[in-house]
Amino acid sequence: MTESSATKLLNGDACRRTLNGKNASKNGYVKNHCPFQQPQKYRRSGEKKQNATHNPSLYKKPFVESFEETPLLVAVLTYMGYGILTVFGYLRDFLRHWNIEKCHVARERDEQKDFIPLYQDFENFYTRNLYMRIRDNWNRPICSVPGARMDLVERVTHNYNWTFDHTGKVVKDVINMGSYNYLGFAESTGTCADAAIKATQIYGVGVGSTRCEMGNLDIHEELEELVARFLGVEASMAFGMGFATNSMNIPALTGKGCLILSDELNHASLVLGARLSGSTIRVFKHNNMQSLEKLLRDAIVHGQPRTHRPWKKILIVVEGIYSMEGSIIRLPEVIALKKRYKAYLYLDEAHSIGALGPNGRGVVDYFGLDPKDVDIMMGTFTKSFGAAGGYIGGKKELIDYLRSHSHSALYATSMSPPVVQQIITSMKIIMGEDGTTLGADRLRQLSENTNYFRRRLREMGFIIYGNDDSPVVPLMLYMPAKIGAFGREMLKRNIGTVVVGFPATPIIESRARFCVSAAHTREMLDTALEAISEVGDLLQLKYSRREQPLPSLGWMSEESLLQD
């Protein structure tokens, strides 16, 4: 591949979301983003316009997302909660310093006290004083297939979550609302499992070499041809690790003198890849096309710093579904801007491939767009396909270039044969090439489950983020004490959930994240919703002010008040 053709790619970085990037309105009310349902004359004065759709004609169907602003009182109490935790943290550190309280965390030895600290001070402080209080909500051992239901190993702690002991008991039939098992292919029986067993018998489990040496199997090439056909691109390349697909390939596509425009909520793998590339990184507000266009204009007008020479490449880096927000990229507008300003587009479809679109082909399929308009299509096999690894798809020249320049291609061990076969079998089911309608049925079931689960949560009064069609459903918790309490109370009701807090989210936006699956039955979802409602009442989590009734005014009726 020539330098000019290799120069057709760029990279990106991420930052944390600001309030302006969320399209929130004042007073805790929700703002829906729908180009077909938001005439300008009905816009409330408190709503912000920076994320409004530039060109509704680019969308073939309603595009609805909602982000309700954090209620002021909740925000104040959340900050107070973190403040109290910090004060008590310093008090406990004082007690540990004088050996009044035992310290279990790693720290420098006494003879190294004059050295530069090996451990980051605040990160260490946060871990031992805040994270450790709720550590029991993470790293729970699973002893079954993480499908719609799973079994958990019971564990207890006798030293406030510093260490755990297994009791020997198993918590059976926990409804799994946390795994990225969107299409339900995380199975130990069935067509995919049988095919993976057969592949193991033929090829073994490991390859013991890289693709460019002695690790290139015929099923590796079959997988790449199938992925290219599934995506509708000329060629594709598979990698053994999804994280490395981003972090090791972006540096091969961009470098010094290139500019990466990255969504502020991009995944850590995209951030790392952008930083390793040595490119200049600029961040635009989440899903905000005005912010992106401003950066594109400035990049073209001003060029590189100091020299003002034109950028060698400008690469826009976005995701299909953002895993902490449940939002979907405004891809039609991104492609329009990319074409207008002659930039390149890197699309990470880790969560959207298989989970969106009438054919399960991701966000490009969801919007009915041409895959050729996306220069680099990236995705993972770890979610919808129930396997491991990632891929990059695009023009043949791009793939040929990566085969000889990507660190992940040259130095990483080849994908395990049974994993490859799991991907091939599940992808053929999605495409309908297995001779059944199982793939179409699962796609339809996922869409129905997603819409039902989101609608019920809103009706209950919870604040949830994201797009109506996104199977990633964040439910806002806000206060630090409620992070641990929510996870524990849900597990008591046999529901497995994922809770997330700072620094993975902004400090006042802690949340529980549910991942809806096609494997979930309506009965499972109703059981989970009943448990969520009970815990929500217990912890007072129903913050939403959407369609809030007027308060009771005693002898004054609501009808008379409205008439007045």
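Keep in mind the model is a prediction, meaning the values are calculated, not measured.

Enquirer: So what exactly am I meant to see when it comes to the overall build of the chain here?
Expert: Along the backbone of the chain there are 18 helices and 15 strands. Buried residues in the chain amount to 53% of all 564 residues. Intrachain contacts of the chain at a sequence separation of at least 6 include 72% that bridge at least 24 residues. Summing over all exposed atoms, the chain offers an accessible surface of approximately 26300 Å²; the carbon and sulfur share of this is 54%.

Enquirer: Explanation requested: the sheet that holds strand β4 (residues 235-239) in the structure shown.
Expert: Paired through backbone hydrogen bonds, the strands of a sheet run either parallel or antiparallel to each other. Read across the open sheet, the 7 strands follow the order β4-β10-β9-β8-β7-β5-β6; overall the sheet is mixed. Every interior strand has two partners, whereas the edge strands, β4 and β6 (280-284), have only one. Between one strand and the next, the sheet's axes are offset by a mean angle of 20 degrees, whatever the strand orientation. Bridge count between strand β5 (residues 259-263) and strand β7 (residues 314-319): 4 bridges; the pairing is parallel. Paired with Ile-260 across the two strands is Leu-315, which belongs to β7. Those strands touched by helix α5 (residues 218-231) are β4, β9 (376-380) and β10 (390-394), and its axis lies near 125 degrees from that of β4. Sheet strands touched by helix α10 (residues 331-340): β7 and β8 (344-348). Its angle to β8, the strand with the most contacts, is close to 155 degrees.

Enquirer: Honestly, the pairing of strand β12 (residues 472-478) in this entry has me stumped. Any pointers?
Expert: The two faces of the sheet receive side chains in turn, since in a regular strand these alternate between them. A large share of β12 lies buried, amounting to 7 of its 7 residues. The alternating pattern of β12 places Val-472, Pro-474, Met-476 and Tyr-478 on one face and Val-473, Leu-475 and Leu-477 on the opposite face, and all of these are buried. In this structure, β12 lies alongside strand β15 (residues 510-515), joined through 6 bridges in antiparallel fashion. Paired with Val-472 across the strands is Cys-515, a residue of β15.

Enquirer: Sorry, what's going on with empty space enclosed by the protein here?
Expert: The gaps left among the atoms become clear once a water-sized probe is rolled over them. Within the structure shown, the criterion is met by 3 cavities of 30 Å³ or more. Taken as a whole, the largest cavity encloses approximately 90 Å³ of empty space. Contributing to the lining of the largest cavity are Arg-211, His-220, Met-237, Ala-238, Phe-239, Gly-240, Ser-408, Ala-409, Ala-412, Thr-413, Ser-414 and Met-415. Those elements that provide at least two residues to the lining of the largest cavity are β4 and α13 (407-411). No other element matches the 3 residues that β4 contributes to the lining of the largest cavity.

Enquirer: When you look at the pattern of salt bridges in this model, what are you seeing that I'm missing?
Expert: Here the structure, examined in full by the defined rule, presents 28 salt bridges. In this structure, the salt-bridge partner of Glu-224 is Arg-211, at a minimum N-O distance of 3.0 Å. Residue Glu-224 is located in helix α5, and its partner Arg-211 is located in the loop between α4 (191-203) and α5; the two are separated by 13 residues in the primary sequence. Arg-456 is the salt-bridge partner of Asp-526, the closest N and O atoms lying 3.5 Å from each other. Taken together, the positions of Asp-526 in helix α17 (residues 522-539) and Arg-456 in helix α15 (residues 438-460) put the pair 70 residues apart, joining distant regions of the chain. Judged by relative accessible area, which is 30%, Asp-526 ranks as partly exposed. Each member of the salt-bridge network shares a partner with another, and the members are Arg-92, Asp-93, Arg-96, Glu-101 and Arg-128.

Enquirer: Would you take a moment to explain the layout of surface pockets for this structure?
Expert: Each pocket or cavity is described by its volume, and for the largest pocket that value is around 880 Å³. Lining the largest pocket are 40 residues, and of these Tyr-131, Asn-137, Trp-138, Val-499 and Val-500 sit closest to its centre. Of all the secondary structure elements, the ones that give two or more residues to the lining of the largest pocket are α2 (72-97), α3 (121-129), β2 (149-156), α16 (480-492) and β14 (498-500). With 6 residues, the top contributor of residues to the lining of the largest pocket is α16. Looking at the lining of the largest pocket residue by residue, the class counts come to 24 nonpolar, 11 polar and 5 charged. Taken as a whole, the second largest pocket encloses approximately 740 Å³ of empty space. What lines the second largest pocket is a set of 36 residues, and nearest its centre among them are Leu-265, Asn-266, His-267, Ala-268 and Ser-323. Mapped by element, the contributors of at least two residues to the lining of the second largest pocket are α6 (242-247), α8 (268-277), β9 and β15. Examining the composition of the lining of the second largest pocket, we find that 4 residues originate from one element, α8, more than from any other. Residues of the lining of the second largest pocket, tallied by class, amount to 15 nonpolar, 12 polar and 9 charged.

Enquirer: Got a minute to help me understand the environment of Gly-257 in this structure?
Expert: Relative to the helices and strands, Gly-257 resides in the loop between α7 (250-253) and β5. Residue Gly-257 is classed as buried on the basis of its relative accessible area of 11%. Between the alpha carbons of Gly-257 and Arg-309 there is a distance of 9.0 Å; along the sequence they are 52 residues apart.

Enquirer: How should the packing of α16 against α17 be read in this particular structure?
Expert: Between two packed helices, the angle of one axis relative to the other and the distance separating the axes together describe the packing. Contact geometry for α16 and α17: axes closest at 10 Å, N-to-C directions at 140 degrees. Our classification of the angle between α16 and α17 gives oblique. Here α16 and α17 pass one another in a crossing that is right-handed. Residues Lys-482, Ala-485, Phe-486, Glu-489 and Met-490 of α16 lie in contact with α17, whose contacting residues are Ala-528, Ala-531, Ile-532, Val-535, Leu-538 and Leu-539. Along the lines of polarity and charge, the residues of the contact of α16 with α17 split into 9 nonpolar, no polar and 2 charged.

Procedures and definitions
- Residues numbered from 1 in each chain as written.
- Predicted model: local features only at pLDDT ≥ 70, side-chain atom pairs only at ≥ 80, totals over all residues.
- Heavy atoms only, no water.
- Helix = DSSP H or I, 4+ residues; strand = E, 2+ residues; numbered from the N terminus.
- Buried < 20%, exposed > 50% of the residue type's maximum accessible area, 1.4 Å probe, protein only.
- Contact = heavy atoms within 4.5 Å.
- Areas by Shrake-Rupley, 256 points an atom, 1.4 Å probe, with all protein chains shown as cover.
- Pairing = 2+ DSSP bridges.
- Axes fitted to C-alpha atoms, helices over the stretch in contact; angles between N-to-C directions.
- 1 Å grid on protein atoms, 1.4 Å probe; cavity = no way out; pocket = protein on both sides within 12 Å on 5 of 7 lines; lining within 4 Å.
- Points joined across faces, edges and corners; volume = space filled by probe spheres on them.
- Salt bridge = Lys/Arg side-chain N within 4 Å of Asp/Glu carboxyl O.
- Nonpolar A, V, L, I, M, F, W, Y, C, P; charged D, E, K, R; others polar.
- Parallel < 35°, antiparallel > 145°, perpendicular 65-115°, else oblique.
- Left-handed = near helix turned anticlockwise from the far one by under 90°.

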